[in-house]
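# Inside the fold
Below are the chains, spelled out letter by letter.
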Amino acid sequence: MNAVVAVLCLLIAGNYAHKYKTGECPAVEPLTDFNMKQFLGIWYAVQKTTTASTCVVYNITESEEPGEYNIEQLSQHFALGLTPLKHEYSYTGTLKVIDKDLPAKMSVKYPLSVAGSSKFTVFATDYTTYAGIFTCQKLAFSHRQSATILSRTKTLDKIFVDKVRNKLASYNVDPFDLSIINQTGCPKEGEEGYNIHIDQETFSAKSIGNAVKKAGEAIGTGVEYTINGAKKVGKGVAYVLF
């Protein structure tokens, strides 16, 4: 049963932390003179659009490709958190600079996003304390949007929270759509539980083949494998990609 819940959570993850709206994406202005190197590193999400997840952390790192960056989102998914064990869910996407003259305006692509890439805009930051990011994906007759208030620490002073929320309001993005994210009691690295990782390699043909093979082996051995088909994470249930 835990396996079914975990897989379903992974497959529907892209439907959370977004708000669906009619019409075009709001015109959220990217920061001018944005310095991506100063923006890299760990950010804690303190507020985010319509989410029940907790312990949301972003780690933005340089990629091997010029103008590209890795963005890893770590969180404890609300459904996985219903069990006694703590679960860490890792989701890695790719950021690409669209216009080198506007580096704060990027695109982001996650493996589970069947609709493709989204606009990713950094509209506020002082690099050391707070930041505001906005993503938007155009659909056929509507769009889905998500705003996030980030902090370099697990808590953020109200003055900075209000600053970002007011800026969102100036772009006609409703700040009351944001949920407060709990950053206490979060899973620690190496702690017992299920660690689920998704990145660009997860759904490659090779990984899917390995996942099916390893899942078949697990039926006879009782060894648990994650859906990336390669990483052994303990005993118990085999996660199978559907």
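Up top is the structure.
Report follows, based on the coordinates. Just so it is clear, the model here is predicted, and its values are computed rather than measured.

## A word on the environment of Tyr58
As for its position among the elements, Tyr58 is in strand β3 (residues 54–62). Judged by its relative accessible area of 3%, Tyr58 is buried. Residues Tyr58 and Ile42 lie 16 residues apart in sequence; the distance between their C-alpha atoms is 5.7 Å.

## Some thoughts on the state of the cysteines
This structure, assessed with the given rule, holds 2 disulfides. The connectivity of the disulfide bonds within the protein can be written as 1-3, 2-4, using the sequence rank of each bonded cysteine.

## Focus on the pairing of strand β7 (residues 118–125)
Counting buried residues in β7 gives 7 out of 8 residues, a clear majority hidden from the surface. Alignment of strand β6 (residues 102–109) against β7, held across 4 bridges, turns out to be antiparallel. Residue Val108 lies in a different strand from β7, and its bridge partner there is Ser118. Sheet topology places β7 next to strand β8 (residues 130–138); 6 bridges connect them, and they run antiparallel. Looking at β8, one finds that Val122 is bridged to Ile133. As consecutive antiparallel partners, β7 and β8 are separated by 4 residues, and within that stretch Tyr127 has a phi angle of approximately 75 degrees, a positive value.

## Examining the nonpolar core
Among the nonpolar cores identified, the biggest contains 26 residues, and Phe34, Met36, Phe39, Ile60, Leu95 and Val122 are the most heavily contacted of them. Those elements that provide at least two residues to this core are α2 (36–39), β2 (41–49), β3, β4 (68–76), β5 (88–99), β6, β7 and β8. Each residue touching Met36, except ones within four places of it in the same chain, is listed here: Ile60, Tyr69, Leu95 and Met106. Counting 17 residues, the second-largest nonpolar core is a separate cluster that includes Ala124, Tyr130, Ile149 and Tyr171.

## A word on unusual backbone geometry
Positive phi is not limited to glycine here, since Thr50 has a value of about 40 degrees. Relative to the helices and strands, Thr50 resides in the loop between β2 and β3.

## Thoughts on the packing of aromatic side chains
In this structure the tally under the stated criterion is 6 aromatic pairs. Between Tyr91 and Tyr110, the aromatic rings sit 4.7 Å apart at their centres with planes inclined by 20 degrees, giving stacked as the arrangement. Pair noted here: Tyr91 is in strand β5 and Tyr110 is in the loop between β6 and β7, with a separation of 19 residues, a long-range link. Each member of the pair, Tyr91 as well as Tyr110, carries the same accessibility label: buried. A centroid spacing of 6.2 Å and a plane angle of 85 degrees characterise the contact between Phe123 and Tyr171, whose relative ring orientation is edge-to-face.

## Some points on the pattern of salt bridges
According to the stated counting rule, one finds 3 salt bridges in the structure shown. Linking Lys37 and Glu62 is a salt bridge whose minimum nitrogen-to-oxygen distance equals 2.9 Å. Here Lys37 is found in helix α2, whereas its partner Glu62 is found in strand β3, with 25 residues between them in sequence. Given a relative accessible area of 58%, Lys37 falls into the exposed group. Glu62 gets classed as partly exposed once you look at its relative accessible area, which sits at 46%. Asp162 is the salt-bridge partner of Lys158, the closest N and O atoms lying 2.5 Å from each other. A residue pair is termed a helical-turn pair when its members lie 3 or 4 positions apart in one helix, as Lys158 and Asp162 do in helix α3 (residues 158–170) at 4 residues.

## Focus: the environment of Val28
Among the structural elements, Val28 can be located in the loop between β1 (19–22) and α2. Judged by its relative accessible area of 9%, Val28 falls in the buried class. Each C-alpha atom, one on Val28 and one on Phe120, is 9.9 Å from the other, the two residues being 92 residues apart in sequence. Setting aside residues no more than four positions away along its own chain, Val28 makes contact with Thr121, Phe123, Phe134, Tyr171 and Val173.

## Here we look at α3
Relative to the 18 Å expected for 13 residues at 1.5 Å per residue, α3 spans 18 Å between its end C-alpha atoms, a close match to the ideal helical length. Of all the residues in α3, the buried ones are Val161, Val164, Arg165 and Leu168. The buried residues of α3 occupy one face: seen down the axis, they fall within an arc of 100 degrees. For α3, exposure combined with an orientation more than 90 degrees from the buried face picks out Ile159, Asn166 and Ser170. Packed against the buried residues of α3 are β2, β7, β8, β9 (142–151) and β10 (178–180). In the segment just after α3, Asn172 is the residue with positive phi, at about 65 degrees.

Cut-offs used in this document
- Residues numbered from 1 in each chain as written.
- Predicted model: local features only at pLDDT ≥ 70, side-chain atom pairs only at ≥ 80, totals over all residues.
- Heavy atoms only, no water.
- Helix = DSSP H or I, 4+ residues; strand = E, 2+ residues; numbered from the N terminus.
- Buried < 20%, exposed > 50% of the residue type's maximum accessible area, 1.4 Å probe, protein only.
- Disulfide = S-S within 2.5 Å.
- Pairing = 2+ DSSP bridges.
- Core = buried A, V, L, I, M, F, W, Y, C linked by side-chain atoms within 4.5 Å.
- Contact = heavy atoms within 4.5 Å.
- Phe/Tyr/Trp six-rings, centres within 6.5 Å; stacked < 30°, edge-to-face > 60°.
- Salt bridge = Lys/Arg side-chain N within 4 Å of Asp/Glu carboxyl O.
- Expected span 1.5 Å × (residues − 1).
- Arc of directions from axis to C-beta.

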